[in-house]
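Fold and contact review
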Amino acid sequence: MAGVTAVPVIDMKKLNGEDREIVMTQIDSACEQWGFFQLLNHGIPHNLLDRVQELFKEHYKNSMDAEFQKSAPAEMLNNALSQENCKKIDSDWESGFFLQHSSHKPAMVAPAMPANLKETMDEFAEEMGGLADRILNIMCENLGLEKGYLKDALTGNDGPFFGTKMCHYPPCPRPDLIDGLRSHTDAGGIILLLQDDKVDGLQVLKDGTWFDVQPLNHAIVIDIGDQLEVITNGKYKSMWHRVLAKKDGNRMSVASFYNPSSTAKVYPAPTLVVSDDPTAENYPEFISGDYMRLYGEQKFLAKEPRIEAMRTN
């Protein structure tokens, strides 16, 4: 592991200059080796990212914090603390909700929120969707795929499923007894995360070691999901990650999920399939909705048995 010290940080501005080839290689390597990387100068206005953080933190304080203190995780932790031999709790110390941006049925019910936050999140979703398209096309170029291939692969009959999970990880009195979010890989395509610019906690597992995804002001974290791993036939990897609970920090997380439609047929890109080696094991073909149902039952378990189970569907 010599030389491996941090999750890659990549400056997208350099894609437009003489360093383009170097940056393209950095992104390709990050997708292959980490499944995670941070982007700077990605084109999303900084004042928009500042507004998202400011308005969401205000909304949490005014409308969500009191409810979290009465939530199941808070009750579970209180119960554990009343016992002599406390065991780690199989739950997540997080408070949040999901905003659905695409028009898939059935539509999720949008939570009540202030008008200025809703307007800001609509603007944010448009920017994040555009960035997702750009990153997918960079991946296409690196993989030798036709421009637009990965977006088309996520589309199915209904267009990609696109939505944003908005979370806070409140201060926790006993972070040794519960995680902010338990270890898992993400199920879908590409995830774009605006994380708190001051409070850390997000970690990625690589080669048996947990690495911090350090807070960087105005950075966007890119995370590869299981089904994008399948489409690339394993060239790009989804990775285990988690969020640690913090005793003295209230961490904000705004993660946009650009996932396959539930009707999309997910399979390795034909040009990435190994056909001249009879011992090579290519990834299976399946319907995204079938995988998502299994993922819902096994989110915190290893991805390999889930993906292999699709081979017999």
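Going by an unreviewed UniProt entry, the chain carries the name aminocyclopropanecarboxylate oxidase and comes from Taxus chinensis. Checking UniProt for the chain, the heading Sequence similarities (unreviewed entry) contains the comment "Belongs to the iron/ascorbate-dependent oxidoreductase family." The Pathway (unreviewed entry) comment attached to the chain in UniProt states, word for word, "Alkene biosynthesis; ethylene biosynthesis via S-adenosyl-L-methionine; ethylene from S-adenosyl-L-methionine: step 2/2."

Focus on helix H2 (residues 46-68)
Lys61 marks the point of greatest bend in H2, at about 45 degrees. By the burial criterion, the buried members of H2 are Leu48, Leu49, Val52, Gln53, Leu55, Phe56, His59, Tyr60, Met64 and Phe68.

Focus on the UniProt feature "domain: Fe2OG dioxygenase" (unreviewed entry) in the chain
Under the present numbering, the feature "domain: Fe2OG dioxygenase" (unreviewed entry) in UniProt falls on residues 160-260. Spanning residues 160-260, this segment combines 6% helix with 45% strand, and its end C-alpha atoms are found 5 Å apart.

Topic: the pattern of salt bridges
Overall, the coordinates contain 20 salt bridges when judged by the stated rule. With its nearest N and O atoms 3.3 Å apart, the salt bridge here joins Asp122 to Lys118. Taken as a pair, Asp122 and Lys118 lie in helix H4 (residues 115-143) at a separation of 4 residues, close to a single helical turn. Residue classification places Asp122 among the partly exposed residues on the basis of a relative accessible area of 42%. The exposure class of Lys118 is partly exposed, given its relative accessible area of 46%. In this structure, the salt-bridge partner of Asp176 is Arg174, at a minimum N-O distance of 2.8 Å. When its relative accessible area of 46% is taken as the criterion, Asp176 is described as partly exposed. Through salt bridges with shared partners, a single ionic network connects Asp90, Asp92 and Arg182.

Considerations on the nonpolar core
The biggest cluster of nonpolar side chains holds 74 residues, and the ones touching the most others in it are Ile135, Met139, Leu150, Ile190, Ile220 and Val254. Non-local contacts of Ile220, meaning those with residues more than four positions away in its chain, are made with Phe37, Gln38, Leu39, His42, Ile44, Leu49, Met128, Leu131, Leu192, Leu193 and Leu194.

Let's talk about the sheet that holds strand S10 (residues 241-243)
The strand order S5-S10-S7-S8 describes an open sheet built from 4 strands, whose pairing is antiparallel. On the outer flanks of this sheet lie strand S5 (181-184) and strand S8 (209-212), each paired with one strand and no other. With strand direction ignored, the average angle separating the axes of adjacent strands in the sheet is 20 degrees. Bridge analysis of strand S7 (residues 202-206) against S8 gives 4 bridges, and the strand direction is antiparallel. Looking across to S8, one finds that Lys206 is bridged to Thr209.

Observations concerning the packing of aromatic side chains
Under the definition given, this model contains 8 aromatic pairs. Ring centres 6.4 Å apart and planes at 45 degrees place the aromatic pair Phe98 and Phe257 in the tilted group. Pair noted here: Phe98 is in strand S3 (residues 95-100) and Phe257 is in strand S11 (residues 251-259), with a separation of 159 residues, a long-range link. Overall, the relative accessible area of 22% leaves Phe98 in the partly exposed class. When its relative accessible area of 17% is taken as the criterion, Phe257 is described as buried. Grouping aromatic residues by their ring pairs yields a cluster made of Phe98, Phe161 and Phe257. The residue whose ring lies beneath Arg182 is Phe300, and the NZ or CZ to ring-centre distance is 3.9 Å.

Observations concerning the packing of helix H1 (residues 20-33) against H4
Remark: H1 packs on H4, axes separated minimally by 10 Å, with the N-to-C direction vectors making an angle of 95 degrees. Taken as axis vectors, H1 and H4 run roughly perpendicular relative to one another. On the side of H1, the interface is formed by Arg20, Met24, Ile27, Asp28 and Cys31, while H4 contributes Ile138, Met139, Glu141 and Asn142. Across the contact of H1 with H4, the residue classes break down as 5 nonpolar, 1 polar and 3 charged.

Scoring rules and cut-offs
Residues numbered from 1 in each chain as written. Predicted model: local features only at pLDDT ≥ 70, side-chain atom pairs only at ≥ 80, totals over all residues. Heavy atoms only, no water. UniProt positions renumbered as here; feature names shortened; annotations may be inferred. Bend = angle between axes of the 7 residues up to and from the residue. Helix = DSSP H or I, 4+ residues; strand = E, 2+ residues; numbered from the N terminus. Buried < 20%, exposed > 50% of the residue type's maximum accessible area, 1.4 Å probe, protein only. Salt bridge = Lys/Arg side-chain N within 4 Å of Asp/Glu carboxyl O. Core = buried A, V, L, I, M, F, W, Y, C linked by side-chain atoms within 4.5 Å. Contact = heavy atoms within 4.5 Å. Pairing = 2+ DSSP bridges. Axes fitted to C-alpha atoms, helices over the stretch in contact; angles between N-to-C directions. Phe/Tyr/Trp six-rings, centres within 6.5 Å; stacked < 30°, edge-to-face > 60°. Lys NZ or Arg CZ within 6 Å of the ring centre and 35° of its normal. Parallel < 35°, antiparallel > 145°, perpendicular 65-115°, else oblique. Nonpolar A, V, L, I, M, F, W, Y, C, P; charged D, E, K, R; others polar.

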